[in-house]
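Survey of secondary and tertiary structure
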Amino acid sequence: MVTVSEVYDAGSKYFKGGNFFVEIHRIGIRFVHETIVDGQTKTESHFLQRNLDDISVPELLGFLQGSTEEPNYSEN
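Our subject in this report is the structure included herewith. Remember, it's a predicted structure, so these values are computed and weren't measured experimentally.

1. Structural notes on the packing of aromatic side chains
Summed over all chains, the structure comprises five aromatic pairs. Aromatic pair Phe20 and Phe31: ring centres 6.5 Å apart, planes at 10°, arrangement stacked. With Phe20 in strand E1 (residues 19–25) and Phe31 in strand E2 (residues 28–37), this residue pair connects regions lying 11 residues apart in the sequence. This pair shows no difference in class: Phe20 is buried, exactly as Phe31 is.

2. What about the pairing of E2?
Two elements, E1 and E2, share seven bridges in a ladder whose sense is antiparallel. Each bridged residue has a counterpart across the sheet, and for His25 the counterpart in E2 is Gly28. Connecting the antiparallel pair E1 and E2 is a turn made up of two residues. Sheet analysis places E2 next to strand E3 (residues 40–48), joined by nine bridges and oriented antiparallel. Residue Thr35 lies in a different strand from E3, and its bridge partner there is Lys42. Connecting the antiparallel pair E2 and E3 is a turn made up of two residues, with Asp38 showing a positive phi of about 50°.

About the thresholds
- Residues numbered from 1 in each chain as written.
- Predicted model: local features only at pLDDT ≥ 70, side-chain atom pairs only at ≥ 80, totals over all residues.
- Heavy atoms only, no water.
- Phe/Tyr/Trp six-rings, centres within 6.5 Å; stacked < 30°, edge-to-face > 60°.
- Helix = DSSP H or I, 4+ residues; strand = E, 2+ residues; numbered from the N terminus.
- Buried < 20%, exposed > 50% of the residue type's maximum accessible area, 1.4 Å probe, protein only.
- Pairing = 2+ DSSP bridges.

So this is what it looks like as structure tokens:
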């Protein structure tokens, strides 16, 4: 189980600068990050469909890492 404070702290490690906020829904957690790039607002959103009672901080950090990193494709 995680607290709202732990959710926000985890998200703030991955979303720096601009506006960052967390929405807690009955069916999951939404992370929203807004920045301004070349005069345009860029909104990035990631939704984890899990209840706060069913997730740990390491699982949350793993979700955020996987959601925010660039894909790493290997060529065969």
